[in-house]
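These are the residues of each chain, in order.
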Amino acid sequence: MPNPQVSDSELELLKIIWASGGTALYAQVMEKLTQSGHTWQKNTVITLLSRLVEKGFLKTGKIGRRNEYTAVVSEADYQAAQTQALVNKLYEGSARDLVAALIRREALSAQDFQELKRFWEGEGK
């Protein structure tokens, strides 16, 4: 998986492509941006997409004259890598310390904890 960080704007574009099944035409990306209230200029979007291609997160192809962008990295893989980077950076690799912090700040409810426990127990079988 590519290692470079992505900007918030680049991540916004990746989310659109992931939500489109991992592939989207440039026009579809622009349509989704407009629907979500973004008023980014064409050149801005093209630059951000090009950066994602350079960083190895997307590949591009042509359908006639139209550019099609395909995610090289899945959303789940990106989330897992970013979570691991966060755990390593802030919690010295301890996922337990991350979960403890979430519980202390009440970002993880008792119900969430029970659901995670059931998930954990189900994975072991």
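(A) Quick look at the overall build of the chain. Across its full length, the chain holds six helices and three strands. Start at the N end of the chain and walk to the C end: the helices and strands fall as α-β-α-α-β-β-α-α-α. Taking 2.2 N^0.38 as the reference for a compact globule, 125 residues should give roughly 14 Å; the C-alpha atoms of the chain span a radius of gyration of 18 Å, well beyond that estimate. Projected onto its principal axes, the C-alpha positions of the chain cover 50 × 30 × 25 Å. Within the chain, buried positions represent 26% of all 125 residues.

(B) Structural context of the sheet that holds strand β3 (residues 66-71). Strand order in the open sheet formed by three strands is β1-β3-β2, with antiparallel pairing between adjacent strands. Two strands close off the open sheet at either side, each with one partner strand: β1 (23-25) and β2 (58-63). Going from strand to strand, the sheet's axes swing by 25° on average, the running direction of each strand aside. Here β2 runs beside β3; their pairing, made up of six bridges, is antiparallel. Bridged to Leu58 within β3 is Ala71. Along the sheet, helix α2 (residues 26-35) makes contact with β1 and β3, crossing β1 at roughly 90°.

(C) A look at the layout of surface pockets. Counted as a void, the largest pocket has a volume near 350 Å³. Ala95, Leu98, Val99, Leu102, Leu108, Phe113, Leu116, Lys117, Phe119 and Trp120 together form the lining of the largest pocket. When residues of the lining of the largest pocket are traced back to their parent elements, those giving at least two are α5 (95-104) and α6 (110-123). Here the lining of the largest pocket gets five residues from one element, more than from any other, and that element is α6. For the lining of the largest pocket, the class distribution of residues is nine nonpolar, no polar and one charged.

(D) The side chain of Glu10, seen in detail. Tracing the chain through its elements places Glu10 in helix α1 (residues 8-19). On the basis of relative accessible area, Glu10 is assigned to the buried category, the value being 1%. In this structure Glu10 touches Gln5, Leu48, Arg51, Leu52 and Lys55, once residues within four positions along its chain are discounted.

(E) Main features of the nonpolar core. The biggest cluster of nonpolar side chains holds 22 residues, and the ones touching the most others in it are Leu13, Leu14, Ile17, Val29, Val45, Leu49 and Leu58. If you list the elements that add at least two residues to this core, you get α1, α2, α3 (42-54) and β3. At six residues, α1 tops the list of elements feeding residues into this core. Non-local contacts of Leu58, meaning those with residues more than four positions away in its chain, are made with Leu14, Ile17, Leu49, Leu52, Val53, Tyr69, Thr70, Ala71 and Val72.

(F) Broad picture of α2. For α2, the set of buried residues is Tyr26, Val29, Met30 and Leu33. Mapping the buried residues of α2 onto a view down its axis gives an arc of 95°, with all of them on the same face. Every exposed residue of α2 that faces more than 90 degrees away from the buried side is listed here: Ala27 and Gln35. Packed against the buried residues of α2 are α1, β1, α3 and β3. Phi for Gly37, located one or two positions after α2, is positive at around 90°.

About the criteria used
Residues numbered from 1 in each chain as written. Predicted model: local features only at pLDDT ≥ 70, side-chain atom pairs only at ≥ 80, totals over all residues. Heavy atoms only, no water. Helix = DSSP H or I, 4+ residues; strand = E, 2+ residues; numbered from the N terminus. Rg over C-alpha atoms; globule rule 2.2 N^0.38 Å. Buried < 20%, exposed > 50% of the residue type's maximum accessible area, 1.4 Å probe, protein only. Pairing = 2+ DSSP bridges. Axes fitted to C-alpha atoms, helices over the stretch in contact; angles between N-to-C directions. Contact = heavy atoms within 4.5 Å. 1 Å grid on protein atoms, 1.4 Å probe; cavity = no way out; pocket = protein on both sides within 12 Å on 5 of 7 lines; lining within 4 Å. Points joined across faces, edges and corners; volume = space filled by probe spheres on them. Nonpolar A, V, L, I, M, F, W, Y, C, P; charged D, E, K, R; others polar. Core = buried A, V, L, I, M, F, W, Y, C linked by side-chain atoms within 4.5 Å. Arc of directions from axis to C-beta.

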